[in-house]
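# Examination of the molecular architecture
For reference, the chains in residue letters:
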Amino acid sequence: MNHKPFSPDLPRCTWAQTNPLLRAYHDEEWGVPVKESQQLWAMLMLEGFQAGLSWLTVLKRREGFLRAFAGFDPAVVARFDEQDIERLMADPGIIRARAKIEATIGNARAYLAMQAKGEDFATFAWSMVPGAPLCNVTGQVLAQSPESQALSKALKERGFKFVGPVIVYAWMQAVGMVDDHDPKCFCYHTHRLKS
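Rules used in this analysis
Sequence order as written defines the numbering, with residues in each chain counted from 1. Per-residue local features are limited, in this predicted model, to residues with pLDDT of at least 70; the limit for side-chain atom pairs, both in listing and counting, is 80 or more; totals at the level of whole chains, interfaces and linings are taken over all residues. Side-chain measures here rest on the full set of heavy atoms in the structure, leaving out hydrogens and waters. Any Phe, Tyr or Trp ring, taking Trp's six-membered ring, that has another such ring centre within 6.5 Å forms a pair; planes under 30 degrees apart are called stacked, those over 60 apart edge-to-face, and the others tilted. Whether a charge sits over a ring depends on NZ of Lys or CZ of Arg being within 6 Å of the ring centre and within 35 degrees of the ring normal. Residues belong to a common nonpolar core when they are buried Ala, Val, Leu, Ile, Met, Phe, Trp, Tyr or Cys residues joined through side-chain atoms within 4.5 Å. Here the term buried applies to any residue with accessible area under 20% of the maximum for its type, exposed to any over 50%, and partly exposed to those in between, with areas from a 1.4 Å probe on protein chains only. Going along the chain from the N terminus, every DSSP run of H or I of four or more residues is numbered as a helix, and every run of E of two or more is numbered as a strand. Whether two residues are in contact is decided by their heavy atoms: any pair within 4.5 Å suffices. N or O atoms closer than or at 3.5 Å make up a polar contact, with two conditions inside protein: a donor-capable atom paired with an acceptor-capable one, and, for residues adjacent in sequence, both atoms drawn from side chains. We define a salt bridge as a contact between a side-chain nitrogen of Lys or Arg and a carboxyl oxygen of Asp or Glu at a distance within 4 Å.

## Description of the packing of aromatic side chains
A complete count under the given rule lists 15 aromatic pairs for this structure. We note Lys35 situated over the ring of Trp126; from NZ or CZ to the ring centre the distance is 4.0 Å. Across from the ring centre of Phe80, 5.2 Å away, lies the NZ or CZ of Arg87, which sits over that ring.

Below, the structure is given as structure tokens:
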């Protein structure tokens, strides 16, 4: 992005105040509605890699993930084989967890299977969250919600893995299905549409 960064003195969600990389991600991406299918899928894959780790760990490796997973192009990732898995397991630029790597490849195949049946990933995902973006007015961030539980179940029914309701809720926050910015945060209720 080519705009001037937001002032570090603006009020932000607590988690975004500890690191410049987190702050930039918070200010420019987190909670901005994403409506493009491949971007949504890529973000869900990154959330799966984050499971059990910090989001900062994923952010520091995002470029490595993009390179290693062919820009998160599901059509390419779906063709990855055992040799690719071994290549990825040796790549220090990503999180080297075999189960997560294998799930990403399987999830690319699930994404393409949906596409082959005429089911657009973005339309499917957003249709599962009526009234989105859902606005959290409590200031308390949940770990999961009834919507993330339903969306998780629907994804699993379509063959996705590493899409439990906690991972799915974090994804919903990241892609703007839920506005979970703190009510005091300058981003609260902005709902900027990502083009």
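## A closer look at the nonpolar core
Within the largest apolar cluster, 55 residues are counted, with the highest numbers of intra-cluster contacts made by Phe69, Phe121, Leu155, Phe160, Trp171 and Met177. The greatest single-element share of this core, amounting to eight residues, is contributed by helix H2 (residues 37–50). Not counting chain neighbours up to four residues away, the residues in contact with Met177 comprise Leu40, Ala125, Trp126, Val129, Ala132, Pro133, Leu134, Leu151, Trp171 and Met172.

## Some points on the side chain of His26
Position of His26 among the secondary structure elements: in helix H1 (residues 20–28). His26 gets classed as buried once you look at its relative accessible area, which sits at 0%. Among the polar contacts listed, one links the side chain of His26 to the side chain of Asp27, at a separation of 2.8 Å. When neighbours within four sequence positions are excluded, His26 is seen to be in contact with Arg12, Cys13, Trp15, Ala16, His181, Cys185, Phe186 and Cys187.

## Here we look at the pattern of salt bridges
Overall, the coordinates contain seven salt bridges when judged by the stated rule. With a shortest N-O distance of 3.4 Å, Glu82 and Arg98 are connected by a salt bridge. Of this pair, Glu82 sits in helix H6 (residues 82–89) while Arg98 sits in helix H7 (residues 98–116), and the two are 16 residues apart along the sequence. Judged by relative accessible area, Glu82 falls into the partly exposed class, the value being 45%. Given a relative accessible area of 32%, Arg98 falls into the partly exposed group. Measuring nitrogen to oxygen at the nearest pair gives 2.9 Å for the salt bridge that ties Arg98 to Glu86. Of this pair, Arg98 sits in helix H7 while Glu86 is found in helix H6, placing the two residues twelve residues apart along the sequence. Here Glu86 falls in the partly exposed class, since its relative accessible area comes to 40%. Through salt bridges with shared partners, one network takes in Glu82, Glu86 and Arg98.

## Let's talk about the environment of Phe162
If you trace the backbone, Phe162 turns up in the loop between helix H9 (146–157) and helix H10 (165–174). Residue Phe162 is classed as partly exposed on the basis of its relative accessible area of 34%. For the pair Phe162 and His181, spaced 19 residues apart in sequence, the C-alpha separation works out to 25 Å. In contact with Phe162, not counting residues within four places along its chain, are Gly48, Ala99, Lys100, Ala103 and Ile167.

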